[in-house]
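This is what each chain is made of:
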Amino acid sequence: MLLSWLFPRGKACSWCGRPVHQGFFCTSCRQQLLDWQQHYHPCLYCGRLLPLGKQAVCNQCREELPPFQKARSVGPYQGLLKEMIWALKYQGRRSLATPLGHLLAGVVVRELGSGRPDLVIPVPLTSTRLRVRTFNQAELLALALGQELDLPVNGEVMFRVRETAPQVNLSRRSRWQNLGGAFKVTAPGKITGRHLLLVDDVLTTGATASACTRALQAAGAADVAVVTLATGIENLPCFSP
Ligand SMILES: [Zn+2]
Ligand SMILES: [Zn+2]
């Protein structure tokens, strides 16, 4: 009773259930989600996190730029964010899609705000994986993001033929073979000339986002930006956080 008087809207944190004044997460959860910003900043191109005050571009992008324009994430794949992604994907806590989509929308507005995308596309799962999991977490996130920013979402313009293996240890030649044909665009008419926003839960090596982007570019996309909940931290031998 007292709590409902103090917080008349009766809102609870989408993660821990503590009372919330506004938004989806309580102050404590929000602080945990934003804590990384004191230590890291995103690589200009791929969004991988780099120690603050060091270089602006990660080692992988120095070697070869990704095919997408820019990728950005809510934070690193660790701590509370990792727990939330785990709960959404593997514990079927679908109610997290809206609050997590809200975080993604924030990243899009802050980091990719140079122009509204024409279409939001979730990274598809293979049909086998979709049968096992019964839902595509990237699609749930894309729908929540699309709803918040009033953008069209289409999860059916592309399908996934097979998994993309991590790129890190592959030679340049086998990288291309690994990327080629993992995704197929089914409706190129919806892609041609469009500014696209690709949505996924995690960006690790960037192999999947790159493979998607190449398929969309082959179908005539004007450009592709990527937004994910989590990304990696570049492993620098001399750095300890
Ligand atoms: Zn909370
Ligand atoms: Zn990079």
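This text goes with the structure placed above it.
Anyway, here's the lowdown on the structure attached to this text. (Residues numbered from 1 in each chain as written. Chains lettered and ligands numbered in written order. Predicted model: local features only at pLDDT ≥ 70, side-chain atom pairs only at ≥ 80, totals over all residues. Heavy atoms only, no water.)

With respect to the overall build of the protein chain
Defined as follows: Numbering of helices and strands runs from the N terminus; a helix is a DSSP stretch of H or I covering at least four residues, while a strand is a stretch of E covering at least two. For every residue, the accessible area (1.4 Å probe, protein chains only) is compared with the maximum for its type, and the residue is labelled buried under 20%, exposed over 50%, or partly exposed between those bounds. It only takes one pair of heavy atoms within 4.5 Å for two residues to be counted as in contact. Throughout, the Shrake-Rupley method with a 1.4 Å probe supplies accessible areas, and for residues the shown protein chains are the sole cover considered.
Looking only at helices and strands, the protein chain features nine helices and eight strands. A total of 241 residues make up the protein chain; the buried ones form 48% of that total. In the protein chain, once contacts between residues fewer than 6 apart in sequence are set aside, the share between residues at least 24 apart is 70%. With an accessible surface of roughly 12500 Å², the protein chain has 53% of that area assigned to carbon and sulfur atoms.

What about the coordination of the zinc ion (ligand 2)?
We count it as follows: Atoms of type N, O and S within 2.8 Å of a metal are treated as its donors, and for Na, K and Ca the window is 3.2 Å; water is not considered, so some sites may appear to be missing partners. Key to geometry: four donors with every angle between 85 and 135 degrees are tetrahedral; four donors are square planar and six octahedral where opposite donors lie over 155 degrees apart and all remaining angles lie between 65 and 115; all other sites are irregular.
For the zinc ion (ligand 2), every protein donor is listed as Cys43 (SG), Cys46 (SG), Cys58 (SG) and Cys61 (SG), and the spread of their distances is 2.3 Å. Around the zinc ion (ligand 2) sit four donor atoms, and with donor-metal-donor angles ranging over 104 to 116° the site reads as tetrahedral. Every donor residue of the zinc ion (ligand 2) comes from the same chain, spaced as C-x2-C-x11-C-x2-C.

A few points about the pattern of salt bridges
Quick note on the threshold: A pairing counts as a salt bridge when a side-chain nitrogen of Lys or Arg comes within 4 Å of a carboxyl oxygen of Asp or Glu.
Applying the stated rule across the entire model yields two salt bridges. Residue Glu111 is joined to Arg72 by a salt bridge in which the shortest nitrogen-to-oxygen separation is 3.1 Å. On the criterion of sequence distance, the pair formed by Glu111 in helix α5 (residues 97-111) and Arg72 in strand β3 (residues 70-76) is long-range, its members being 39 residues apart. Residue Arg72 is classed as buried on the basis of its relative accessible area of 5%. Across the pair Asp201 and Lys89 runs a salt bridge, and its minimum N-O distance is 2.8 Å. Linking Asp201 in strand β7 (residues 195-203) with Lys89 in helix α4 (residues 79-90), this pair joins segments that are 112 residues apart in sequence. Given a relative accessible area of 4%, Asp201 falls into the buried group. Lys89 sits in the buried class, given a relative accessible area of 14%.

Let's talk about the sheet that holds β3
Strand-to-strand pairing in sheets goes through backbone hydrogen bonds, with the strands running parallel or antiparallel. Short version of the rule: In this description, strands pair whenever DSSP reports at least two bridges between them. Axis geometry follows a simple rule: fit a line to the C-alpha atoms, using only the stretch in contact for helices, then measure angles between N-to-C directions, giving values from 0 to 180 degrees.
Ordered by their spatial adjacency, four strands build an open sheet running β3-β8-β7-β4, and the pairing between neighbours is parallel. The open sheet has two edge strands with one neighbour each: β3 and β4 (119-122). Between one strand axis and the next, the sheet turns by 20° as a mean value, whatever way the strands run. Here β3 pairs with strand β8 (residues 223-231) via six bridges, running parallel.

Considerations on the coordination of the zinc ion (ligand 1)
Coordination of the zinc ion (ligand 1) by the protein is provided by Cys13 (SG), Cys16 (SG), Cys26 (SG) and Cys29 (SG), with metal-donor distances spanning 2.3 Å. Binding-site remark: the zinc ion (ligand 1) is held by donors from one chain whose sequence spacing is C-x2-C-x9-C-x2-C. In this pair, Cys16 is assigned in the loop between α1 (2-6) and α2 (27-34) and Cys26 in the loop between α1 and α2, connecting sequence segments ten residues apart. Its relative accessible area of 5% is what places Cys26 among the buried residues.

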